[in-house]
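Topology and contacts: notes
Take a look at the letters that make up each chain.
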Protein chains: 2
Amino acid sequence: MATIYEVSKLAGVSLATVSRVMNNNANVSDATREKVTRAMTELGYRPNSIAQSLASNCSNSVGLLVSELHGPFYGPMMSGIETAFRKQGKHVIIAAGHSNEEREQQAIEFLISRNCDALILHVEAISDDYLIELSKGKTPFVLINRYIAELSSRCIILDNVKGGYLAAKYVLEQGHTDIAYISGPLWKKDAQDRLTGHKQALAEYNLSFNEQLLYQGDFMEDGGAAGFQYLHNNGPQFTALICANDEMATGAMATARECKLKLPEQLSIMGYDNVFFTRHVYPPLSTINYPINEMGRMAADWVLSNVYQKNTPPLQTLFEPELIIRQSVLTHPQ
Amino acid sequence: MATIYEVSKLAGVSLATVSRVMNNNANVSDATREKVTRAMTELGYRPNSIAQSLASNCSNSVGLLVSELHGPFYGPMMSGIETAFRKQGKHVIIAAGHSNEEREQQAIEFLISRNCDALILHVEAISDDYLIELSKGKTPFVLINRYIAELSSRCIILDNVKGGYLAAKYVLEQGHTDIAYISGPLWKKDAQDRLTGHKQALAEYNLSFNEQLLYQGDFMEDGGAAGFQYLHNNGPQFTALICANDEMATGAMATARECKLKLPEQLSIMGYDNVFFTRHVYPPLSTINYPINEMGRMAADWVLSNVYQKNTPPLQTLFEPELIIRQSVLTHPQ
DNA sequence: GTTATAAATGTAAGCGCTTACATTTAATGT
DNA sequence: ACATTAAATGTAAGCGCTTACATTTATAAC
């Protein structure tokens, strides 16, 4: 592999000049720029990005931490991020935290030790304190789907209260009054918020929230299954079930069907996230759209703007959920 | 950030010695190792991986190129790979090729310019020739789901002929004789192979393959939808439809249902890949398992073994498909 | 034609490590 | 105790770039 040295020799200029044309910043005369470019192509020169990083103290890499690399939620997020960065010649290093505190911490340290210029984090288990502490370090980061007041300007979030509200309101509008709810783990802010929104809508309809119709799930399929089972056996009657995310809705649907319920005739079901496969389940699931791809792009823009001083479209930090109507919720026959 | 220099000063030894304890290779006495380690923790020293890379000419990074970062197929693959590498302190740089020749090439060049020690490629559009040429370069790579005779030892593949055979055989065993087939793009080797296996099974049952019952799809949902539409309108009758992958099966199911067919009663459907959401569609889709997660891990092991000289479990290059029976295929009433 | 000023280029010192080689120290045999 | 050999440590030259600063060259002003 040719080095900058050989290029400079062939072109008959100094190292610095070659470097200048590479980074086309300083003033280089058209003539020498031409000479150098020609020498580069002649030698098939490709700059060594490692050396560039060491000398410039900038690795051009950003670390991306998600809970899982698989799973319907993270794909679109990573996708949005990778696209935005590659356009700018930055690369993304991925790591998975598996919703586990220790592993999330390890992943962050791994990414930092890899000299990432910035981090994009979707973390669940790690504490606010850790993140606040981290923010004092030298590696800047953005948070996706997590709000910490002290770090508010770098939190890219969805208005989950509103999402919860939208879901419940829609179901209420269809005439349902006996509505069960399977929440996420309530120590998670997003799970709380969605429930808050849910209750808000209920209140608007002058319905009180029945604690017996609440089951605390885990945001995973099994939680939905267990939740339905529990509510079906122990709770009061209900004609609609709202789940705090799509996977739980899917689990609940499968179990409901096992219990010989006809869907959606005997039970309306509502999801949350609008994960891509919701179109494919049967009946196609009505849900709340979570614009995770856009939020990923926004996170990328955040670092492009704040870390790499690039011009980007205006940054946005709060995203809006949106109701997606499909066929899993039926009008309740008065 | 403390550097190796400060550590050496604090510990009262030379740079080289510190480097030695870091890479714990050479002979260092326990006493000095101890001294150095203490100095390191005292200073909170973390080696600068960029500098290490430059000096050692090894970036400890491997490039991973997939068609899409989202999509049900790639998630488990990336997951297997990331896990394997992080355990060994290697990091993975991801890029998406979008099944497009130019973008795949760009991505490969990007990854190489990033000084990846090795590449793991899941490419579709790029030519064999390009890859053969690439193999002469200095960056080693493995191919997933692609077989090139000249590069056979670095091709990690599934026996797609067998998979196609398995799917057809199962449907035949259920008594179906009029079987439609939606293939992938037939210029792709895997699409061809699956079809070959399909025909093989048919032949075993003394059934001739009816070209009118074949539709060439695109491995995407829309292709499945269009395929069903076409076959339904133009082809002879059929009681079963085999699709060359799950997304097309999903598309076909949706369209079949729009045409008022009852599934699976009026049409049995078979998929391929066993992508995770096949459990969730209705009726749950019978399919062929593609052990993509394991294959990803194997690709990682390949580079760990061949590039980083690590000990790994024995390498395997050919994986076996497996029949997954769910509820989308019904016994054909004689 | 000078001088002042800006533009273009060159020089050389790093960036923080690894590693070949040289040197010192310890271990072993006699 | 001395020579021989192995183990432990040190020295210093890179790895391929960037960039502050110095120098040279072109441009403008008078």
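Residues numbered from 1 in each chain as written. Chains lettered and ligands numbered in written order. Predicted model: local features only at pLDDT ≥ 70, side-chain atom pairs only at ≥ 80, totals over all residues. Heavy atoms only, no water.

Chain A is annotated in an unreviewed UniProt entry as LacI family DNA-binding transcriptional regulator from Pseudoalteromonas prydzensis.

As a further point, take helix α12 (residues 292–306) of chain B. Residues and elements named next belong to chain B. The end-to-end C-alpha separation of α12 is 21 Å, in line with the 21 Å expected for 15 residues at 1.5 Å each. Three or more residues of α12 are buried, namely Ile-292, Met-295, Gly-296, Met-298, Ala-299, Ala-300, Asp-301, Trp-302, Val-303 and Leu-304. Residues of α12 that are buried sit in contact with β1 (61–66), α5 (74–87), β3 (118–121), β4 (141–144), β5 (155–158) and β11 (318–319). (Helix = DSSP H or I, 4+ residues; strand = E, 2+ residues; numbered from the N terminus. Expected span 1.5 Å × (residues − 1). Buried < 20%, exposed > 50% of the residue type's maximum accessible area, 1.4 Å probe, protein only. Contact = heavy atoms within 4.5 Å.)

Each copy superposes on the other: chain B lies on chain A with an RMSD of 0.1 Å after a rotation of 180° and an axial shift of 0.1 Å. Read as a symmetry element, the transformation amounts to a two-fold axis. Mapped onto chain A, 100% of the interface residues of chain B are again interface residues, and the two copies thus contact each other with one and the same surface. (Least-squares fit on C-alpha atoms with pLDDT ≥ 70 in both.)

So, on to the nonpolar core. General note: in soluble globular proteins, nonpolar side chains tend to be found buried as a group. Formed by 152 residues in total, the largest nonpolar core has its most connected members in Ile120(A), Leu241(A), Val303(A), Ile120(B), Leu241(B) and Val303(B). In this structure Ile120(B) touches Val62(B), Gly63(B), Leu64(B), Leu65(B), Ile81(B), Phe85(B), Val142(B), Ile144(B), Ala299(B), Ala300(B) and Val303(B), once residues within four positions along its chain are discounted. Counting 44 residues, the second largest nonpolar core, distinct from the first, contains Ala107(B), Leu121(B), Val123(B) and Leu134(B). (Core = buried A, V, L, I, M, F, W, Y, C linked by side-chain atoms within 4.5 Å.)

Read from one edge to the other, the open sheet built from twelve strands follows the order β11(A)-β5(A)-β4(A)-β3(A)-β1(A)-β2(A)-β2(B)-β1(B)-β3(B)-β4(B)-β5(B)-β11(B), with strand pairing classed as mixed. Each having just a single partner strand, β11 (318–319) of chain A together with β11 of chain B make up the two edges of the open sheet. Where strand β2 (residues 91–96) of chain A lies against strand β2 (residues 91–96) of chain B, three bridges are found, and the strand directions are antiparallel. Residue pairing across strands places Ile94(A) opposite Val92(B), the latter belonging to β2(B). Strands in contact with α5(B) are β2 of chain A together with β1, β2, β3 and β4 of chain B; relative to β1(B), the strand with the most contacts, it is inclined by about 175°. (Pairing = 2+ DSSP bridges. Axes fitted to C-alpha atoms, helices over the stretch in contact; angles between N-to-C directions.)

To continue, consider the pairing of β2(A). Residue and element names in this part refer to chain A. Of all six residues in β2, six are buried, a share of seventy percent or more. Side chains of β2 alternate between two faces, with His-91, Ile-93 and Ala-95 and Val-92, Ile-94 and Ala-96 buried alike. Pairing of strand β1 (residues 61–66) with β2, which is carried by six bridges, proceeds in the parallel orientation. Paired with Gly-63 across the strands is Ile-93, a residue of β2. The parallel pair β1 and β2, bridged by helix α5 (residues 74–87), forms a crossover whose chirality is right-handed. (Right-handed = clockwise from strand over helix to strand, strands pointing away.)

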